[in-house]
Amino acid sequence: MYYILLAEGFEEIEALTQTDVLRRAGIDVKNVGVTGEYVTGSHGITVKADILIADAAKCVPEGIILPGGIPGTPNIAANKDAVELIKKVAQKGGLVAAICAAPSVLGEMGLLKGRKAICYPGFEDKLTGATVTCEKVVIDENFITSRGAGTAMDMALAIVTYITGESSEKLSKAMIYE
């Protein structure tokens, strides 16, 4: 099971692309409402979460994905259950993925020390201890980071490859993404 954290003000493309692509790949993924059952993104799109953070925090998933967005990113960072769940996944060696502004949450938690990472331009100083690169998607062991809305599909396909251990080329071609 993989969780995608949705907090009020999340970036819709970054969250829903991950949900859609992972489900197309047959991966069990749930959208977790950090700020409630219905969560509105930064562009006014409201999504009904599959599960609330209080229930999601009762178990440690195989991985966790943080979409960016403002104020979605600071809303994740402000939620004690979300932060604890991220820590538990990281300690267990599970997949920890973040895109856009969201890698800043990982940086501020000290989880990126000694790792390569990327984020939305302007948030680099919050990637404490990381070596910041300029790629669309950066994979460093069990951590995957990406730049922003325009790289959401690249990140989703990288996550599929990471989880399945197989190329996501067939899925990519089926969606006419080249």
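What you see is a predicted model, and the numbers here were worked out from it, not measured in a lab. (Residues numbered from 1 in each chain as written. Predicted model: local features only at pLDDT ≥ 70, side-chain atom pairs only at ≥ 80, totals over all residues. Heavy atoms only, no water.)

1. Some remarks on the side chain of Ser-168
Note the threshold: Here a helix means four or more residues in a row that DSSP labels H or I, a strand means two or more in a row labelled E, and each is numbered from the N terminus. Two residues qualify as a contact provided that any one of their heavy atoms is within 4.5 Å of a heavy atom in the partner residue.
Assignment of secondary structure puts Ser-168 in the loop between α6 (152-164) and α7 (169-174). Non-local contacts of Ser-168, meaning those with residues more than four positions away in its chain, are made with Leu-157, Val-160 and Thr-161.

2. Points about the sheet that holds strand β6 (residues 63-66)
This is how it is decided: Note on pairing: DSSP must find at least two bridges between two strands before they are called paired. Lines fitted to C-alpha atoms define the axes, with helix axes restricted to the stretch in contact, and inter-axis angles between N-to-C directions lie between 0 and 180 degrees.
Strand order in this open sheet of 7 strands is β5-β2-β1-β6-β7-β11-β10, and the pairing throughout is mixed. If you trace the sheet from one side to the other, it starts and ends with β5 (51-52) and β10 (137-140), each paired once. Strand direction decides the pairing type here: strand β1 (residues 2-6) and strand β2 (residues 29-33), joined by 5 bridges, are parallel. Looking at the pairing, Leu-6 lines up with Gly-33 of β2. Sitting on the sheet, helix α1 (residues 12-24) touches β1, β2, β6 and β7 (95-99), and the angle it makes with β2 is about 155°. In the packing of α6 onto the sheet, contacts are made with β1, β6, β7, β10 and β11 (143-146), and the angle to β7 comes to roughly 175°.

3. Digging into the environment of Ala-77
Inclusion rule: Residue exposure (1.4 Å probe, protein chains only): buried if accessible area is under 20% of the type maximum, exposed if over 50%, otherwise partly exposed.
Within the secondary structure, Ala-77 is located in helix α3 (residues 72-77). The class for Ala-77 is partly exposed, based on a relative accessible area of 35%. When the C-alpha positions of Ala-77 and Gly-36 are compared, they lie 15 Å apart, and in sequence the two are 41 residues distant. Apart from the residues lying within four places of it in its own chain, the contact partners of Ala-77 are Val-83 and Val-105.

4. Details of the pattern of salt bridges
Filter applied, for reference: In what follows, salt bridge is the name for a side-chain nitrogen of Lys or Arg lying within 4 Å of a carboxyl oxygen of Asp or Glu.
Using the criterion set out here, one finds 8 salt bridges in the structure. One salt bridge connects Arg-23 with Asp-50, and the closest N-O pair in it is separated by 2.8 Å. Taken together, the positions of Arg-23 in helix α1 and Asp-50 in the loop between β4 (46-48) and β5 put the pair 27 residues apart, joining distant regions of the chain. By relative accessible area, Asp-50 is classed as partly exposed at 40%. Among the salt bridges present, the one from Lys-58 reaches Asp-55, with a minimum N-O distance of 3.3 Å. Exposure remark for Lys-58: the relative accessible area of 66% places this residue in the exposed category. Among the charged side chains, a salt-bridge network with shared partners connects Arg-115, Asp-140 and Glu-141.

5. Quick look at α6
Inclusion rule: The span one expects for a helix is its residue count, reduced by one, times 1.5 Å.
In this model α6 runs 18 Å from its N-terminal to its C-terminal C-alpha over 13 residues, within 8% of the 18 Å that 1.5 Å per residue would give. Within α6, the full set of buried residues consists of Ala-152, Asp-154, Met-155, Ala-156, Leu-157, Ala-158, Ile-159 and Val-160. Those residues of α6 that are buried are in contact with α1, β6, β7, β10, β11 and α7. Among the residues trailing α6, Gly-165 stands out with phi positive, at a value near 75°.

No statement about biological role is implied by the geometric values presented.
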